[in-house]
Amino acid sequence: MFKFELLKTAKDSKARLGKITTNHGEIETPIFMPVGTRATVKTMTPDELKEIGSQIILSNTYHLFLRPGTEIIEKAGGLHKFMNWDKPILTDSGGFQVFSLSDNRKITEEGVHFRSHIDGSKMFISPEKSIDIQNILGSDIIMAFDECAPYPASHEYIDDSMRRTLRWAKRCKEHHKNIDNQTLFGIIQGGMYKDLREISAREMVDMDFKGYSIGGLSVGEPLDLMNDILDFTTDFMPENKPRYLMGVGSPDYLFEAVERGIDMADCVLPTRIARNGTVLTHKGRIAIKNAVYKEDFSRLDEDCDCYTCKNFSKAYIRHLFNVDEILGMRLATIHNLYFLLQTMKNIRDSIKGDYFLEYKNDFYKKFGYK
Ligand SMILES: NCc1cc(CSc2ccccc2)c2nc(N)[nH]c(=O)c2c1
Ligand SMILES: [Zn+2]
């Protein structure tokens, strides 16, 4: 089953409070979704993810199709069983990863021909193939197969790409129609061109998906350009369906997206930077390997009560990174994910209490954003 309830919309922005209900549980929105590309949120166990408040995780059709392959996951009874995660899972459709990971790929009307980035073998994914793979994975929310166009790109290129993505979306919807325990989202494209964004949004909405993603943003464009396109696009999206901004960058992108009416967002940043010792705190980011923390026995963030902050000091975590101990990456990941999940909970509370913009401005001042 799949249900989205819009609980409240802010008076002084497009920020909104909602709740998604799936067969594997509820998701309060706005929500930040940790990315677990190869059936794991790197260094975290499922229990630790629940402990820090993760309500849903993301995984990846492209990666899992290549390794371990759909046969093994099918034999395991699907991705939830395979990775022992019993809450909601959302999977991407694979097109984006083909373009960002493999070379000499070729786009045709039929689908995308590419070489595996693992062993160079020839591969092919079509809209129908993407739906079949996601069906075997058994994720609760799946994405239509799309092309995330490069940035910058000409109006002509984006027009062709966006219209092909619309035709692919129709094929996904057609191919998915009899699967009721999975929810298919359409992905709005159109690059940085408002006329193409409007066409994509209107045609996707006409296809009546249960939810909509905005793709092709946070692809290297300046933040204010992303904000402008995002603000324009959400106005064409139905109020009563979830809106998912795919692959945003850092915490400020989350605030900007929520302010413009986004309900769901993911980013690999908090887990990726944690593994190289960059820690998110209310005073901005700190590089824990820095010698300045050598004898600093305070917690990573005075305002954080995560497992890492309750039990370990900056000096200890710096030591772990300096001697390349795996525990260092784990403790930094626990903290960064908790920090973002807690920030999203504070955002939900601020929408509830009608002080979202004040909370955003206060956070930006402390975090050191503009
Ligand atoms: N940074 C932009 C971005 C990121 C992702 C990946 S989001 C993701 C990553 C891992 C797991 C699940 C979702 C995208 N995916 C699709 N299908 N289309 C896009 O335009 C796009 C743009
Ligand atoms: Zn912490």
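About the criteria used
- Residues numbered from 1 in each chain as written.
- Chains lettered and ligands numbered in written order.
- Predicted model: local features only at pLDDT ≥ 70, side-chain atom pairs only at ≥ 80, totals over all residues.
- Heavy atoms only, no water.
- UniProt positions renumbered as here; feature names shortened; annotations may be inferred.
- Helix = DSSP H or I, 4+ residues; strand = E, 2+ residues; numbered from the N terminus.
- Contact = heavy atoms within 4.5 Å.
- Donors = N, O, S within 2.8 Å, 3.2 Å for Na, K, Ca; no water.
- Tetrahedral: all angles 85-135°; square planar, octahedral: opposite > 155°, others 65-115°.
- Salt bridge = Lys/Arg side-chain N within 4 Å of Asp/Glu carboxyl O.
- Buried < 20%, exposed > 50% of the residue type's maximum accessible area, 1.4 Å probe, protein only.
- Pairing = 2+ DSSP bridges.
- Right-handed = clockwise from strand over helix to strand, strands pointing away.
- Near = heavy atom within 4 Å.
- Polar contact = N/O pair within 3.5 Å; in protein donor to acceptor, adjacent residues only side chain to side chain.
- Areas by Shrake-Rupley, 256 points an atom, 1.4 Å probe, with all protein chains shown as cover.
- Nonpolar A, V, L, I, M, F, W, Y, C, P; charged D, E, K, R; others polar.

### Examining the UniProt feature "binding site: substrate" (unreviewed entry) in the chain
Inference 1: The residues that UniProt annotates with the feature "binding site: substrate" (unreviewed entry) are D92, S93, G94, G95, F96, D146, Q189 and G216.
Inference 2: Inspection of the secondary structure puts G216 in the loop between β12 (211–214) and α9 (223–234).
Inference 3: Contact partners of G216, with chain neighbours within four places excluded, come to C148, Q189, M192 and R197.

### Notes on the UniProt feature "active site" (unreviewed entry) in the chain
Inference 1: When the UniProt feature table is mapped to this numbering, "active site" (unreviewed entry) covers D92 and D266. The named residues occupy 175 residues along the chain; their greatest pairwise C-alpha distance, 11.0 Å, places them in one compact cluster.
Inference 2: Counting through the fold element by element, D92 comes out in strand β6 (residues 89–92).
Inference 3: Not counting chain neighbours up to four residues away, the residues in contact with D92 comprise S59, N60, T61, Q97, Q134, M143 and M246.
Inference 4: Tracing the sequence through the fold places D266 in strand β14 (residues 264–266).
Inference 5: Apart from residues no more than four positions distant in its own chain, D266 is found in contact with F32, M33, V35, L58, Y244, L245, M246, G247 and V248.

### Thoughts on the coordination of the zinc ion (ligand 2)
Inference 1: Looking at the zinc ion (ligand 2), the protein donor atoms are C304 (SG), C306 (SG), C309 (SG) and H335 (ND1), and they sit 2.1 to 2.3 Å from it.
Inference 2: Taken together, the four donor atoms surrounding the zinc ion (ligand 2) define angles of 102 to 117° at the centre, an arrangement classified as tetrahedral.
Inference 3: All donor residues of the zinc ion (ligand 2) come from one chain, and their arrangement in sequence is C-x1-C-x2-C-x25-H.

### A closer look at the pattern of salt bridges
Inference 1: Tallied over the entire structure, the rule returns 26 salt bridges.
Inference 2: When the shortest N-O distance is used, the salt bridge between K177 and E174 registers 2.8 Å.
Inference 3: Owing to a relative accessible area of 54%, K177 belongs among the exposed residues under this scheme.
Inference 4: For E174, a relative accessible area of 49% corresponds to the partly exposed category.
Inference 5: Of the charged contacts in the structure, one is a salt bridge between E198 and R202, with a shortest N-O distance of 2.8 Å. Within this pair, E198 and its partner R202 are both found in helix α8 (residues 194–206), separated by four residues, close to a single helical turn.
Inference 6: By relative accessible area, which is 26% here, E198 ends up partly exposed.
Inference 7: Here R202 falls in the partly exposed class, since its relative accessible area comes to 46%.
Inference 8: Each of E256, E259, R260 and K360 takes part in one network of salt bridges that share partners.

### Description of the pairing of strand β11 (residues 183–188)
Inference 1: Counting buried residues along β11, six of its six residues qualify, which places the element largely inside the surrounding structure.
Inference 2: Residue alternation in β11 divides its side chains into two sets, T183, F185 and I187 and L184, G186 and I188, and both sets are buried.
Inference 3: Pairing between strand β10 (residues 141–143) and β11: three bridges, direction parallel. Each residue of the ladder has a partner; that of I141, found in β11, is T183.
Inference 4: Here four bridges tie β11 to β12, and the two strands are oriented parallel to one another. Bridge pairing links F185 to G211 in β12.
Inference 5: Considered for its hand, the β-α-β crossover made up of β11, α8 and β12 is right-handed.

### Some words on the site of ligand 1
Inference 1: Of all residues adjacent to ligand 1, which total 20 residues, the nearest are D92, D146, Q189, G216 and G247.
Inference 2: Q189 is positioned with one of its side-chain polar atoms (N or O) 2.9 Å from an oxygen atom of ligand 1.
Inference 3: G216 is positioned such that a nitrogen or oxygen atom in its backbone is 2.8 Å from an oxygen atom of ligand 1.
Inference 4: Computed on the free molecule, ligand 1 has an accessible area of 500 Å², of which 95% lies beneath the protein chains in the complex.
Inference 5: Going through the elements one at a time, β5 (57–60) and α5 (95–101) are the ones with two or more residues in the shell around ligand 1.
Inference 6: With three residues, β5 is the largest single contributor of residues to the shell around ligand 1.
Inference 7: Here the residues of the shell around ligand 1 sort into eight nonpolar, nine polar and three charged.

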